[in-house]
Amino acid sequence: MPVTVLIGAQWGDEGKGRVADWLAEQSDAMARYAGGDNAGHTVRVGVRRFGLHLVPSGIIHPHLTCILGSGMVINPLRLVGEMDMLAGQNIDISPERIHISPRAHVITPAHTALDGASERALGEGSIGTTQRGIGPAYSAKAERTGILTGMMADPAAFVDAVREQIEQANRMLVRLYGLDPIEVDAPVDDYYAAAERLAPYLHNTTQIVHELLDADKRLLCEGAQGTLLDIDQGHYPFVTSSSATVGGALTGLGFGPHVIDRVVAVAKAYCTRVGNGPFPTELDDAMGQRLREVGSEYGTTTGRPRRCGWLDAIALRYAVKVNGVTDLVLTKLDVLSGLDTLHIATAYDTAQERVTSLPLDTATAESVTPVYEALPGWHTDISRVRRFKDLPANAQRYVERIEALVGAPVSVVSVGPEREQAIVR
Ligand code: GDP
Ligand code: IMO
Ligand code: MG
């Protein structure tokens, strides 16, 4: 069966981009199915570093067809900027290999302004969004007032809709939030130019996916965000506004579950989170700071410092179950080198009892105290190791303990950001 779905198993930024880059070699096409430019996926190839937000990470492999699916929300200006960046790196961005669904939704300046205004109004209780307009764009989609990417085929009608949406947002910004209105004319001109540029890329992506599958081509669905940021499976409201989990691939691209033969979950060897919300194993101390510095844990999209903590086996087991994970890729094991003792959360203490499954209630998840299992660390540099048996014994034990705790095999361990810094088991 030809489909692999790649998902984030934690709170995003697990290293999906670099894993997609490996899996690209075994794929004919790669599709993004959800989210927008809130995603920031990094691929490093030697001295070249690509930060991708909308285009599937496989774009840097010349043989791949790239699809932006119906489940996405797309900011046309950002997409044009990203395509220009890729073209500047001599990557083929022709409409023969990039296909944009006409049924994705457009992010306009109305959405980004409303995202910022609502976050500011929430103050201390804010979600900590990327302020890319994701929530307002998906709200408009659910309200059935959104603008479809397909409208870009007629740039004049498209910008009329954009203008109307900005004017409506301005009434809200002024009356509801007491803010100044945003500019209308300049963005409308920019959106006109972007529509002209992107119109040739609008294709029936659902049909393209079906044709690929009928021809037994291999499709890789590149998830964005992570399981605990999924609108249904994460801790609401500290989530994104889309289905980041495996189900999002089915609805966002339009195929049935029988064609999926692999669900690869990417997890860091520890945990990070950007933005607010429950994070039981967060370390607010020197160890958290050490993980942040050694792991360079600063957001690809917003540059914000990421919150860091120990690996949470309860949250990871939850992701394995929610997505039907067939195998795990464990990234950033190298970041843990040099520590005497490592900790993995195996249970939580709530006010009432000890639990070993993830509380769905957000307030409970905020208040739990993790119960840790301690494991001995290792002190050698593992970034050049390429065979599992060459890892220090304690590093092997750490990986094997994770497998036992979360109930899925670790098929790849990554020990550095470069393409070849991987141990395939
Ligand atoms: P994504 O959003 O899941 O694609 O992940 P990001 O690209 O936002 O963040 C992952 C970061 O970790 C990137 O800067 C990667 O280059 C880096 N990275 C990925 N795997 C490894 C690894 O095994 N070791 C180290 N040290 N860095 C890694
Ligand atoms: P990738 O694909 C990490 C987080 C934000 C915020 C919450 C809602 O790179 O893993 P949004 O802007 O989506 O409304 O913000 O979700 N968030 C991410 N965190 N990686 C991401 O993407 C994220 N996309 C959104 O920080 O907490
Ligand atoms: Mg990221």
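A short note on the sheet that holds strand S1 (residues 3-8)
Next up, step 1: Read from one edge to the other, the open sheet built from nine strands follows the order S7-S5-S2-S9-S1-S10-S14-S18-S19, with strand pairing classed as mixed. For this open sheet the edge positions go to strand S7 (98-100) and strand S19 (422-424), each flanked by a neighbour on one side alone. In this sheet, adjacent strand axes meet at a mean angle of 20 degrees when their direction is disregarded.
Next up, step 2: Taken together, the three bridges between strand S14 (residues 327-331) and strand S18 (residues 410-414) define a ladder with parallel strand orientation. Residue Leu328 lies in a different strand from S18, and its bridge partner there is Val410.

With respect to the packing of aromatic side chains
Next up, step 1: Applying the stated rule across the entire model yields three aromatic pairs.
Next up, step 2: Pairing Phe158 with Tyr191 gives two aromatic rings, centres 6.3 Å apart and planes at 25 degrees, and the pair type is stacked. Taken together, the residues Phe158 in helix H5 (residues 155-175) and Tyr191 in helix H6 (residues 185-198) connect sequence positions 33 residues apart. The pair formed by Phe158 and Tyr191 is uniform in burial state, with each residue classed as buried.

Focus on the coordination of the magnesium ion (ligand 3)
Next up, step 1: Around the magnesium ion (ligand 3), the donor atoms from the protein are Asp13 (OD) and Gly40 (O), and they sit 2.0 to 2.2 Å away. Of this pair, Asp13 sits in the loop between S1 and helix H1 (16-23) while Gly40 is found in the loop between strand S2 (29-32) and strand S3 (41-45), placing the two residues 27 residues apart along the sequence.
Next up, step 2: Among the residues examined, Gly40 registers a relative accessible area of 10% and is labelled buried.

Considering the confidence of the model for the protein
Next up, step 1: Per-residue confidence for the protein gives a mean pLDDT of 97; residues scoring 70 or more make up 100%.
Next up, step 2: Of all secondary-structure elements in the protein, the lowest mean pLDDT belongs to S3, at 93, while strand S6 (residues 73-74) reaches the highest, 99.

Observations concerning the packing of H5 against H6
Next up, step 1: Contact geometry of H5 with H6 gives a least axis separation of 9 Å together with a crossing angle of 145 degrees. As H5 packs across H6, the resulting crossing turns out to be right-handed. From H5, Pro155, Ala156, Phe158, Val159, Val162, Arg163 and Ile166 reach across to H6, where they touch Asp185, Pro187, Val188, Tyr191, Tyr192, Ala195 and Glu196.

Points about the site of ligand 2
Next up, step 1: The immediate surroundings of ligand 2 are formed by 21 residues, with Asp13, Lys16, His41, Thr130 and Thr240 found nearest.
Next up, step 2: Note that an oxygen atom of ligand 2 is positioned 2.8 Å from one of the backbone N or O atoms of Asp13.
Next up, step 3: Contact between ligand 2 and Asn38: an oxygen atom at 2.9 Å from a side-chain N or O atom of the residue.
Next up, step 4: Coverage of ligand 2 by the protein amounts to 98% of the 550 Å² it exposes when considered alone.
Next up, step 5: Grouping the amino acids of the shell around ligand 2 by side-chain chemistry returns eight nonpolar, ten polar and three charged.

Quick look at helix H7 (residues 205-214)
Next up, step 1: Listed in full, the buried residues belonging to H7 are Thr205, Thr206, Ile208, Val209, Leu212 and Leu213. Viewed end-on, H7 has its buried residues packed into an arc of 160 degrees, placing them on one side of the element.
Next up, step 2: On its buried face, H7 is in contact with S1, S2, strand S5 (65-68), S7, strand S9 (219-222) and helix H8 (246-253).
Next up, step 3: A distance of 3.3 Å separates the backbone nitrogen of Thr206 from a side-chain oxygen at the start of H7, and that oxygen is part of Asn204.
Next up, step 4: Where H7 terminates, the next one or two residues include Asp216, which has phi positive at roughly 60 degrees.

Focus: the domain arrangement of the protein
Next up, step 1: With domains assigned, the protein is organised as domain 1 (3-101 + 202-264), domain 2 (105-198) and domain 3 (266-424).
Next up, step 2: A separation of 23 Å is found between the C-alpha centroids of domain 1 and domain 2.
Next up, step 3: Every contact between the two is made by 28 residues of domain 1 and, on the other side, 23 residues of domain 2.
Next up, step 4: Summing both sides of the interface, domain 1 and domain 2 together bury roughly 2,100 Å²; the carbon and sulfur share of this comes to 64%.
Next up, step 5: Counting across the domain 1 and domain 2 interface gives two salt bridges.
Next up, step 6: Where Arg197 meets Asp84, a salt bridge forms, and the shortest distance between an N and an O atom there is 2.9 Å.

Analysis parameters
- Residues numbered from 1 in each chain as written.
- Chains lettered and ligands numbered in written order.
- Predicted model: local features only at pLDDT ≥ 70, side-chain atom pairs only at ≥ 80, totals over all residues.
- Heavy atoms only, no water.
- Pairing = 2+ DSSP bridges.
- Helix = DSSP H or I, 4+ residues; strand = E, 2+ residues; numbered from the N terminus.
- Axes fitted to C-alpha atoms, helices over the stretch in contact; angles between N-to-C directions.
- Phe/Tyr/Trp six-rings, centres within 6.5 Å; stacked < 30°, edge-to-face > 60°.
- Buried < 20%, exposed > 50% of the residue type's maximum accessible area, 1.4 Å probe, protein only.
- Donors = N, O, S within 2.8 Å, 3.2 Å for Na, K, Ca; no water.
- pLDDT = per-residue confidence, 0-100.
- Left-handed = near helix turned anticlockwise from the far one by under 90°.
- Contact = heavy atoms within 4.5 Å.
- Near = heavy atom within 4 Å.
- Polar contact = N/O pair within 3.5 Å; in protein donor to acceptor, adjacent residues only side chain to side chain.
- Areas by Shrake-Rupley, 256 points an atom, 1.4 Å probe, with all protein chains shown as cover.
- Nonpolar A, V, L, I, M, F, W, Y, C, P; charged D, E, K, R; others polar.
- Arc of directions from axis to C-beta.
- Domains from an automatic or database assignment.
- Buried area = accessible area lost by both parts, 1.4 Å probe.
- Salt bridge = Lys/Arg side-chain N within 4 Å of Asp/Glu carboxyl O.

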